[in-house]
Amino acid sequence: MARRPRRIPGLLVALALVTAGGGALLTANSAAGEPAASSAGSPAAAHGAAAGAMPEMPGMAVSDQTSGDDPDGDGYIMANPPVTGVTPSTYDPPHAYFHEFQAKCAPDHTAPDDPIVYPGQPGKSHDHTFMGNTSTNGNSTTASLDAAGGTACLAPGDKSAYWMPSLFKGTQKILPVGPQTIYYKSSVNDYTSVRPFPKGLRFVVGNPMQSQDEFKNLKGTVEGWECGQSYHNWNFPASCPSTQDAQLNIRLQAPSCWDGIHLDTPDHKSHMAYPVAWGANQNVCPADHPVALPMIEFKMAWPVNGDMSQVRLASGAGYSFHYDFFADWDTATQSAMVAHCINGGLQCDAHGYDQSQPGKGAVLDSNYRLIH
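Throughout what follows, the structure given in this document is the object of discussion. The shown structure was predicted, so the numbers you read here are calculated from the model rather than taken from an experiment.

Conventions and cut-offs
- Residues numbered from 1 in each chain as written.
- Predicted model: local features only at pLDDT ≥ 70, side-chain atom pairs only at ≥ 80, totals over all residues.
- Heavy atoms only, no water.
- Helix = DSSP H or I, 4+ residues; strand = E, 2+ residues; numbered from the N terminus.
- Buried < 20%, exposed > 50% of the residue type's maximum accessible area, 1.4 Å probe, protein only.
- Areas by Shrake-Rupley, 256 points an atom, 1.4 Å probe, with all protein chains shown as cover.
- Pairing = 2+ DSSP bridges.
- Salt bridge = Lys/Arg side-chain N within 4 Å of Asp/Glu carboxyl O.
- Disulfide = S-S within 2.5 Å.
- Phe/Tyr/Trp six-rings, centres within 6.5 Å; stacked < 30°, edge-to-face > 60°.
- Contact = heavy atoms within 4.5 Å.

## Some words on the overall build of the protein chain
Next, step 1: The helix and strand tally for the protein chain stands at five helices and 23 strands.
Next, step 2: Expressed as a percentage of the 372 residues in the protein chain, the buried residues total 56%.
Next, step 3: Counting every atom, the protein chain has about 14,700 Å² of accessible surface; 52% of that belongs to carbon and sulfur.

Structural data, given as structure tokens:
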């Protein structure tokens, strides 16, 4: 993979872009604390980082470990090739209320590992619940994920790794049951400009060290913790309905604008940004992060209800919730799903099929494999 000097002033990169046009389930006692992985996820913070000033939060941890993807250990992993010459799209396409598809991925294993924040350092993180690629561990790299034979996603072409802090009720570790919904959406007005994730892109959404107010005001926060008819809980609610169907839910949206240069940065955030408002109630990517990618939205549900006083995350309180994404899709499968569902303005299920527009067809067959 091509490398560059340890730092290129991000402002020069931005100007150039604009002007150029797995392991076994562990016991509850395995949870451990983890320093913050990253900085605030606002466009302003991302812009500051691009201008050469790394955003800071108390306790932020940055990469300083060599790994298969980062042999010099500087925390920068370069896209090869980079995506340059992109100007954020302000095109206003025909209105489409939906432009999304679903990835359905089940929890597969837990471990005190984090191959983004602590690459090559298994056991150093707080406990995480891993979905998707069944091989994910502290030593995972792009090559190892790609070579893995298994995925807990319904689509065999999705070998991406998804993980979040494990949830406990007292000393009991609670995992979501069955495949969870991970949405891939457009978060910019021009849904036709969204491109597939490059293989090996990775980032952290949220921050385990964030305060309750920071979690509440994070751009990706939707309605906080939900259960029954209770919404907008920025920490775990004191209680939830004790009915069989009541579960604890959360949705959290990721930044979707990429700088086109880095697959990772030392804070695991500065290469990504949320869209910014532009014109007549439109969202566009900022100039220093001009490449529109799918917006990941975690929609997770845990089978806990009733008294919630003993519920906690491995990272701490409910407002410490965050998640990690490490992209590793089969190129043809992801490209077809993005083109058909996101660029096509459809509301697709995990087959790439919009039930309200059956004439548009599906992308994946009954086994979730690409239809040729």
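## What about the sheet that holds strand β14 (residues 257-258)?
Next, step 1: Judged by pairing direction, the sheet is antiparallel, and its three strands sit side by side in the order β16-β14-β19 without closing on themselves. Bordering the open sheet on either side are β16 (272-273) and β19 (291-292), each of which pairs with just one other strand.
Next, step 2: When β14 meets β19, the two strands line up antiparallel, connected through two bridges. Note that in β19 the partner of W258 across the bridge is V291.

## Let's talk about the pattern of salt bridges
Next, step 1: For the structure on display, the rule yields eight salt bridges.
Next, step 2: For K185, the salt bridge goes to E297, with nearest N and O atoms at 3.1 Å. Remark: E297 occurs in strand β20 (residues 295-302) and K185 occurs in strand β8 (residues 180-185); sequence separation between them is 112 residues.
Next, step 3: Note on K185: relative accessible area 17%, which makes it buried.
Next, step 4: Between E223 and R251 there is a salt bridge; the shortest N-O distance is 3.4 Å. Remark: R251 occurs in strand β13 (residues 248-253) and E223 occurs in strand β10 (residues 221-227); sequence separation between them is 28 residues.
Next, step 5: Among the ionic contacts, a cluster of salt bridges with common partners joins K185, E223, E226, R251 and E297.

## Looking at the state of the cysteines
Next, step 1: On inspection of all chains with the given rule, the structure shows four disulfides.
Next, step 2: What pairs with C105 in a disulfide is C153, and their sulfur atoms sit 2.1 Å apart. Since a negative S-S torsion denotes a left-handed disulfide, the C105-C153 link at about 100 degrees is right-handed. Of this pair, C105 sits in strand β2 (residues 100-105) while C153 sits in the loop between α3 (142-147) and β5 (161-165), and the two are 48 residues apart along the sequence.
Next, step 3: Assessed through its relative accessible area of 0%, C105 is described here as buried.
Next, step 4: Classification of C153 by relative accessible area gives buried; the value is 8%.

## What about the packing of aromatic side chains?
Next, step 1: Counted according to the given criterion, the structure contains 19 aromatic pairs.
Next, step 2: When the ring of Y162 is compared with that of F298, the centres are 6.3 Å apart and the planes differ by 50 degrees; the resulting orientation is tilted. Of the two residues, Y162 is situated in strand β5 and F298 in strand β20; the sequence distance between them amounts to 136 residues.
Next, step 3: Looking at F298, the relative accessible area reads 0%, which means it is buried.
Next, step 4: Ring geometry for W225 versus F236: centroids 4.6 Å apart, planes at 55 degrees, classification tilted.

## Examining the environment of P198
Next, step 1: Checked against the element boundaries, P198 lands in the loop between β8 and β9 (202-205).
Next, step 2: A C-alpha to C-alpha distance of 9.4 Å links P198 and N80, two positions 118 residues apart in sequence.
Next, step 3: Those residues in contact with P198 that sit more than four places away from it in its chain are W258, L263, L293 and A327.

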